[in-house]
Every structure is written in structure tokens, then in C-alpha cells.
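Read off the chains here:
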Amino acid sequence: MSIGFKIKKLREEKKLSQPELADILMISQSKLSNIENGQTKSIDFLLMDKVCHYFEKDFEFFIENTTQINNIKKLDGSINNHGTINLFPEVIISEIRKLVEDNKDKENLILALREENKNLRNGK
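Just so it is clear, the structure is predicted and the values come from calculations on it, not from any experiment.

### Observations concerning the packing of aromatic side chains
Here is step 1: If you walk through the whole model with that rule in mind, you get 2 aromatic pairs.
Here is step 2: Where Phe61 meets Phe62, the ring centres are 5.0 Å apart and the plane angle is 90°; that geometry is what we call edge-to-face.
Here is step 3: On the basis of relative accessible area, Phe61 is assigned to the partly exposed category, the value being 27%.
Here is step 4: Above the ring of Tyr54, the side-chain terminus of Lys14 is found at 5.1 Å from the ring centroid.

Printed below as a string of C-alpha cells:
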């Protein structure tokens, strides 16, 4: 079962329309449709993190019974398309978690720097 199909099944179980879930995930309805129908060959890690949090599922749920991933989309938007990568799901999950945590750390740093900049501008 593909990741997109699993997302679709979870959406249907919650009785959500595609536009409703797309709004929750902050993506377009057409992008969600492409993911669910398998027309999107890569899904970025941050979007998958949102999906996991919303449906209260671990990454393992989405890659269960899957040991091959094509065209991995990196956080910088580039795509690793060197053919099929055969990895054990545990390795993939570990790498995804590292990337998500690293991104969250960077987002927190950016927020802290913005707040500090705001305070400096206001003379605090």
C-alpha cells in the first residue's frame, strides 16, 4: 500500500474532504490529490511530519512493508534520483527523524533571533 493511499484511507476514516485536509496540512488540494493518487513521486519530510502529527501515526506506519523509495525529495527541494534506494525502514525513519528535529531546531533559533531583533529595535 502506497503512502498516498494510506493518507487517503486515514482522511476518509476521519470523514474529511481533500480540501479540508489540504487546508489542515497547508498545501493545495491538487497537491494532496496527486499524493493520494500516486502521481507525486516525492513527498518532503516536513509535510510527512505534519501528516504523522495530524493522524497521530509514526513514520513507520507510512513506510511499513516498504523497503524501496524512489526520488527522495530533500529539504532543500532537490531530488535524489539516482535510481531506487534500498534501505531498511529503520534507517529511513532514523534519518527522517534527524532531519525533522534539525529543522525544528533551526526554526526555534530563527524565532528566538527574530524576537531578540524585535526587542533590540524597541530598545529593550
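### Thoughts on helix 4 (residues 45–55)
Here is step 1: Inspection of helix 4 places Phe45, Leu47, Met48, Asp49, Val51, Cys52 and Phe55 among the buried residues, and these make up the whole buried set.
Here is step 2: Where helix 4 starts, the residue carrying a side-chain oxygen 3.1 Å from the main-chain nitrogen of Leu46 turns out to be Asp44.
Here is step 3: Two residues or fewer after helix 4 comes Glu56, characterised by a positive phi angle close to 55°.

### Overview of the confidence of the model for the chain
Here is step 1: The pLDDT averaged across the chain works out to 79; a share of 77% of its residues lies at or above 70.
Here is step 2: For the stretch residues 79–87, pLDDT sits under 50, and the model shows 22 contacts to residues farther than four places along the chain or on other chains.

### Comments concerning the pattern of salt bridges
Here is step 1: Scanning all chains against the criterion turns up 3 salt bridges.
Here is step 2: A salt bridge links Glu36 to Arg11; its shortest N-O distance comes to 2.7 Å. With Glu36 in helix 3 (residues 29–36) and Arg11 in helix 1 (residues 3–13), the pair connects residues that are 25 residues apart, well separated along the chain.
Here is step 3: By relative accessible area, which is 5% here, Glu36 ends up buried.
Here is step 4: Asp102 is paired through a salt bridge with Lys106; the nearest N and O atoms lie 3.2 Å apart. You can see Asp102 and its partner Lys106 sitting in helix 6 (residues 89–121), 4 residues apart, about one turn around the helix.
Here is step 5: With a relative accessible area of 47%, Lys106 lands in the partly exposed category.

### Things to note about helix 3
Here is step 1: Regarding helix 3, the residues found buried are Leu32, Ser33, Ile35 and Glu36. In an axial view of helix 3, the angular spread of the buried residues amounts to 160°, which keeps them on one side of the axis.
Here is step 2: Residues of helix 3 that are buried sit in contact with helix 1, helix 2 (18–25) and helix 4.
Here is step 3: Within two residues after helix 3, Gly38 carries a phi angle of roughly 75°, on the positive side.

Criteria and thresholds
Residues numbered from 1 in each chain as written. Predicted model: local features only at pLDDT ≥ 70, side-chain atom pairs only at ≥ 80, totals over all residues. Heavy atoms only, no water. Phe/Tyr/Trp six-rings, centres within 6.5 Å; stacked < 30°, edge-to-face > 60°. Buried < 20%, exposed > 50% of the residue type's maximum accessible area, 1.4 Å probe, protein only. Lys NZ or Arg CZ within 6 Å of the ring centre and 35° of its normal. Helix = DSSP H or I, 4+ residues; strand = E, 2+ residues; numbered from the N terminus. Polar contact = N/O pair within 3.5 Å; in protein donor to acceptor, adjacent residues only side chain to side chain. pLDDT = per-residue confidence, 0-100. Contact = heavy atoms within 4.5 Å. Salt bridge = Lys/Arg side-chain N within 4 Å of Asp/Glu carboxyl O. Arc of directions from axis to C-beta.

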